[in-house]
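Coordinates in review
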Amino acid sequence: MNQWLIVPVAIPAMIAAVLVLAMRTSMTTQRAISVAATAAQLAAAIGLFVLASDGESRAYFLGHWPAPFGIVLVLDRLSATMLLLTSVVASGVVLAAIREWDTRGRHFHALFQFQLLGINGAFLTGDVFNLFVFFEVLLIASYGLMLHGGGPRRLKAGFHYVAINLIGSTVFLFAVGTIYAVTGTLNMADLAVKVPQVAAGNEALLSAGALLLFTVFAIKSAMVPLHWWLAPTYGSTSPAAAALFALMTKVGAYSIIRVYTLIFGADAGALAGIAQPWILTLAVVTLIMGTIGVLAARSLPDLICYSLIASMGTLLIAVGLASAEGLAAALYYAVQSTVTSSALFLLAGLIARGGEGRAPPLPHGTLVIGLYFLLAIASVGMPPLAGFLGKLLILDAARTSAHIAVAWSAILITSLLLILGFARFGIQTFWNRPRSDGAAVQPLPFALTAVIAGMVAALAALSVFAGPMMDNMTAMAEQLIATQGYIRAVLPPAATAGLVGG
Amino acid sequence: MSTVMSTVMSMEFLLASGIGALTAAGLYLIMLRRTFPVVIGLSFLSYAVNVFLFSMGRLTIDLPPIVSEAAKGYTDPLPQALVLTAIVITFGMTALIVVLSLRGFLETGSDDVTLQAQPDDDASRASGDGAAR
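Residues numbered from 1 in each chain as written. Chains lettered and ligands numbered in written order. Predicted model: local features only at pLDDT ≥ 70, side-chain atom pairs only at ≥ 80, totals over all residues. Heavy atoms only, no water.

1. Comments concerning the overall build of chain A
What counts here: Numbering goes from the N terminus for both helices and strands, where a helix is a DSSP run of H or I of at least four residues and a strand is a run of E of at least two. Atoms counted for the radius of gyration: C-alpha only. Globule rule: 2.2 Å times residue count to the power 0.38. Relative accessibility thresholds used throughout: buried, under 20% of the residue-type maximum; exposed, over 50%; partly exposed, between the two (1.4 Å probe, protein chains only). In this analysis, two residues are considered to be in contact whenever any of their non-hydrogen atoms come within 4.5 Å of each other. For the accessible areas, the method is Shrake-Rupley and the probe is 1.4 Å, while residue cover comes only from the protein chains on display. Note that His is not counted, nor are the chain ends; the positive residues are Lys and Arg, and the negative ones are Asp and Glu. By convention, charge coordinates are those of NZ in Lys, CZ in Arg, CG in Asp, or CD in Glu.
When its secondary structure is counted, chain A shows 19 helices and two strands. For 502 residues, the compact-globule estimate of 2.2 N^0.38 gives 23 Å, and chain A sits close to it at 22 Å. Oriented by its inertia axes, the alpha-carbon framework of chain A measures out at about 75 × 55 × 40 Å. A total of 502 residues make up chain A; the buried ones form 63% of that total. In chain A, the proportion of contacts linking residues at least 24 apart, taken out of those at least 6 apart, comes to 79%. Accessible surface computed for chain A: about 17,100 Å², of which carbon and sulfur atoms make up 70%. Side-chain charges of chain A comprise 23 positive and 17 negative groups, with the mean position of each set lying 14 Å from the other.

2. Let's talk about the overall build of chain B
Looking only at helices and strands, one finds four helices and zero strands in chain B. Across chain B, helices and strands are ordered from the amino to the carboxyl terminus as α-α-α-α. Out of the 133 residues in chain B, the part that is buried amounts to 35%. The long-range share in chain B, meaning contacts at least 24 apart out of those at least 6 apart in sequence, stands at 52%. Put simply, chain B shows about 8,000 Å² of open surface, and 69% of that area lies on carbon and sulfur atoms.

3. Notes on the nonpolar core
Rules: Joining through side-chain atoms within 4.5 Å is the link that ties buried Ala, Val, Leu, Ile, Met, Phe, Trp, Tyr and Cys residues into a set, and such a set is a nonpolar core.
Counting 206 residues, the largest nonpolar core has Phe172, Tyr260 and Phe264 of chain A as its most contacted members. For Phe264 of chain A, the contacting residues outside a window of four places in its chain are Ile179, Val195, Leu206, Ala210, Val259, Leu271, Ala272, Gly273 and Ile274 of chain A.

4. Re the interface of chain A and chain B
Where we set the bar: In this description, buried area is defined as the sum, over both parts, of the accessible area (probe of 1.4 Å) that is lost when the two are combined. We count a salt bridge whenever a side-chain nitrogen from Lys or Arg sits within 4 Å of a carboxyl oxygen from Asp or Glu. Between N or O atoms, a polar contact is any pair within 3.5 Å; within protein, one atom must be a potential hydrogen donor and the other a potential acceptor, and residues adjacent in sequence are included only when both atoms are from side chains. Residue classes follow a fixed rule: Ala, Val, Leu, Ile, Met, Phe, Trp, Tyr, Cys and Pro count as nonpolar, while Asp, Glu, Lys and Arg count as charged, and any other residue, Gly among them, counts as polar.
Contacts between the two partners involve 38 residues from chain A, matched on the other side by 42 residues from chain B. Counting each side, the surface lost to burial between chain A and chain B is near 3,600 Å², with a carbon and sulfur contribution of 75%. Where chain A packs against chain B, one counts zero salt bridges. Viewed at the interface, chain B and chain A are joined by one residue pair in polar contact (both at pLDDT 80 or more). Breaking the side of chain A that touches chain B down by element, the ones donating at least two residues are helix 5 (128-147) and helix 6 (152-183) of chain A. Sorting elements by how many residues they give to the side of chain A that touches chain B places helix 6 of chain A first, with 19 residues. Partitioning the side of chain A that touches chain B into residue classes produces 20 nonpolar, 11 polar and seven charged.

5. Quick notes on helix 13 (residues 324-351) of chain A
So the rule is basically this: Expected helix span is taken as 1.5 Å per residue step, with the number of steps being one fewer than the number of residues.
Spanning 28 residues, helix 13 of chain A covers 40 Å between terminal C-alpha atoms, matching the ideal 40 Å at 1.5 Å per step. The element helix 13 of chain A is extensively covered by neighbouring structure, given that 27 of its 28 residues are classed as buried.

6. Quick notes on the pattern of salt bridges
A complete count under the given rule lists seven salt bridges over all chains for this structure. Here Asp396 of chain A ties to Arg399 of chain A by a salt bridge, and the two come within 2.9 Å at their closest N and O atoms.

7. As for the packing of helix 12 (residues 300-320) of chain A against helix 16 (residues 404-431) of chain A
All names here are of chain A. Here is the rule: To define axes, lines are fitted to C-alpha atoms, for helices over the stretch in contact only, and angles between the resulting N-to-C directions are given on a 0 to 180 degree scale. Any angle from 65 to 115 degrees is called roughly perpendicular, while one under 35 is roughly parallel, one over 145 is roughly antiparallel, and all others are oblique. Crossings are classed by handedness, with left-handed meaning an anticlockwise turn of the near helix from the far one by less than a right angle and right-handed meaning a clockwise turn.
Running from amino to carboxyl end, helix 12 crosses helix 16 at an angle of 165 degrees, the nearest separation of the two axes being 11 Å. Considering the angle they form, helix 12 stands roughly antiparallel to helix 16. Here helix 12 and helix 16 pass one another in a crossing that is left-handed. Counted together, Leu300, Leu303, Ser307, Ala310, Thr314 and Ile317 of helix 12 and Ala407, Ala410, Ile411, Leu418, Gly421, Phe422 and Phe425 of helix 16 form the full contact between these two elements. Its residues placed into classes, the contact of helix 12 with helix 16 shows 10 nonpolar, three polar and no charged.

8. Digging into the packing of aromatic side chains
Residues and elements named next belong to chain A. Applied cut-off: Pairing of aromatic rings covers Phe, Tyr and Trp, the last counted by its six-membered ring, and requires centre-to-centre distances within 6.5 Å; plane angles under 30 degrees mean stacked, over 60 mean edge-to-face, and any other angle means tilted.
Overall, the coordinates contain 17 aromatic pairs over all chains when judged by the stated rule. Considering the side-chain rings of Phe132 and Phe172, the 5.4 Å spacing of their centres and the 75 degrees angle between planes classify their relative orientation as edge-to-face. Of the two residues, Phe132 sits in helix 5 while Phe172 sits in helix 6, which places them 40 residues apart along the sequence. Among the aromatic side chains, those forming a connected cluster through ring pairs are Tyr143, Tyr161, Trp229, Tyr234, Phe245 and Phe345.

9. Quick word on the pairing of strand 2 (residues 72-75) of chain A
Looking along a regular strand, one sees the side chains alternate between the two faces of the sheet. Residues and elements named next belong to chain A. The cut-off we apply is this: Each pair of strands is called paired provided DSSP finds at least two bridges between the two strands.
With burial as the criterion, each face of strand 2 is covered, one bearing Val72 and Val74 and the other bearing Leu73 and Leu75. Pairing of strand 1 (residues 58-61) with strand 2 involves four bridges; the strand directions are antiparallel. Along strand 2, the bridge assignment pairs Tyr60 with Leu73.

10. Considerations on the environment of Leu32 of chain B
With respect to the helices and strands, Leu32 of chain B occurs in the loop between helix 1 (2-30) and helix 2 (35-55). Among all residues touching Leu32 of chain B, those that are not within four sequence positions of it are Pro37, Val38 and Val113 of chain B.

11. A few points about helix 8 (residues 203-220) of chain A
One turn of an α-helix holds 3.6 residues; hence residues three or four places apart share an orientation. Residue and element names in this part refer to chain A. Here helix 8 spans 26 Å end to end across 18 residues, near enough to the 26 Å set by a 1.5 Å rise per residue. Residues Leu206, Ser207, Gly209, Ala210, Leu213, Phe214, Val216, Phe217, Ala218, Ile219 and Lys220 constitute the buried set of helix 8. Buried-residue contacts for helix 8 involve helix 5, helix 6, helix 10 (239-263) and helix 11 (276-296). Ala222 occupies a position one or two residues after helix 8 and carries a positive phi of about 55 degrees.

Take a look at the structure:
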C-alpha cells in the first residue's frame, strides 16, 4: 500500500512535463489535462488521508534504498491533512484561473502543476536535503507563476522575491551542511535519533545549524523581520497565483512544526525546544506588524497580504505554545486561514476586473459585497465561520500555558484592529462605488464566483464539522509529539531498538 | 605523518578563510543598489556554500569516495552529491535572476535594484495584472 505515497508527487511531475512538451499549442487540452490532474491529486489526497487516519506513520523508500541511506517519503496525519488542503485549494484555484488568468502568458498550467509538485513533495519528504530540493522546485515554479503576465511592478517585486529566496536557499544549505557535519545524517527520523546523542562539544554547532534552518523557515512563513517580501510579491501577482501562494506560507509553517517537533522537539536532549522562544516572540511581533499593515493598506491585495501575515502570526503563536492543544489549534487555524486567504485573493481579482476602487460597478453588487463581508468575518475571526473557532481554540490552548498574558492580549487586541481594518476598507470601496448605469457592466464570471462561494461554503463546513475536525487535529498533535511512531516507520528495527516509550 | 597533518591544517586554514572571504564579498555585493553586483554577490554566496558543504564531510587527503579493496579509508561521498545538486539548482536560479535583471534593465533603462517604475505603474497595479504588456 505504501507505494501510493509517491502519487501526489508523480502526477504533477509527469503532467507538468507533458503540458510543456506535448500540449504547447492547444489551450483547451492544457486546461482539461490540468483540471484532470488536479482532480486526480484531490482523489489521491483523500485516499491518503483515509489511509493515514488510522494513526500509523507510513514510509515509502524511493528505489527501495533502506533508510537512512536513501530518500524516504513519510505519510502521517499531518502530511495527509496538508496534502488534502493543498489539493482542495488547488482544485478551486485551477477552475477559477481558467479563462480569467491562464491566457495572460504562456505555460500557466505547467507552472501550476510544478508548483503543486513542490508543495506536495515538501509535505511528504522525510529528508532534510530533499526538503531543500522540493523548496527549490516550488520556488522556481512560483517565480514563473509570480511573473506570469508581466508588467513593471511585477518585475520589480519578482526581482526582490527571487533575490531573498536565493539568499534563503544559501542559508538553507549552510544549515544543512552544519547539521550534517555534526550528526552525519540528513534523514529526519535518523536526525531525531542522533541529535540527543550529540557530543557536548558539538552542541553549539548543532544549535547554530538548527537556528539557521529556523531562519529559512521564517522567510518562507513570512515571520517578522523577514516578512517584507510577501506583500509586494503576492500583491502584484495575478490573483490566481496569489491564491495558490497562500499555501506556500503554510509550507514554511509545516516545516517549522515538523522539524521542531520531530528533530528538535521535547526528546532532543540538550537542544530540546531550541526554537520555541523564538517562535513565540516573533509570532507575536508578526501578528502586530500584520495588523498594522492591514490598517495602513491602500488596496485590497495589500490588505489581504497583511491579513495573511497577521494570520501567520496567530498560527505561529499557537505553535509556539509547544503543547498538544496548541498544535491541534494551530493546524485547525492553518487549514481555515489558507482557504480564507485564497478566497480573498480570488475575490480581489473579481473586484479588480472593472478596475480598482471607484471603477465601473459590478453587477450583483450584493453578492460581491456579501462574499467580502463573509470572508472578512472569517479572516478576522468573528462567529460563525471557522476563523472564530480557530482563534477560540488557540486562546483555549493558551489558557493553561505560561504565556497566556502575551498570547491573549496580542490575539484579542489585533482581532479588534483587524475588524476595523476590514470594515474601513469595505466602506471605502463599496459605499463609494457609483451606482450601475447599466452600460459598462460586465457579467460576473460564473466559475470564479462559484469557486469563491464554494470556499466560503467550505469555511462554513469547517465550522459545522469542527468537532470531528478537532478530533482529527488532536490525534495529529499527539502523533506529532510521540515521535517514536515516525522514527519506527522510517528506520529499520535495529536502529530503533534503543528508543524509549515503545 | 606530520607533513600530512600540516598539509591538512594548512588546507583547513585555506578553506575556512576562502569560505569566509567569499561569503563576505557576496554579502557586501548584495547590499549594493545595482542589480549586476547583486547577481554577482548571490553567485559568490553560492560558491561559498558549495565549498562549505564540500568540507562538511571532513577534510581528508588521498582517500577514495567509493568502495575499493585497496583503500585505507574513505572520504565522505555524500557532501559531493549534495554539492552537485546545489550547483545545478543555483545555476538555474542565477540564470533566472540574470534574465530578470536584464529584463528590468531593458524595460526601465536603469539597473537600480528598485527597477525604477514607469509612470503607468499605478495603472498596472490598480488592475491587478500586467497592463504594461
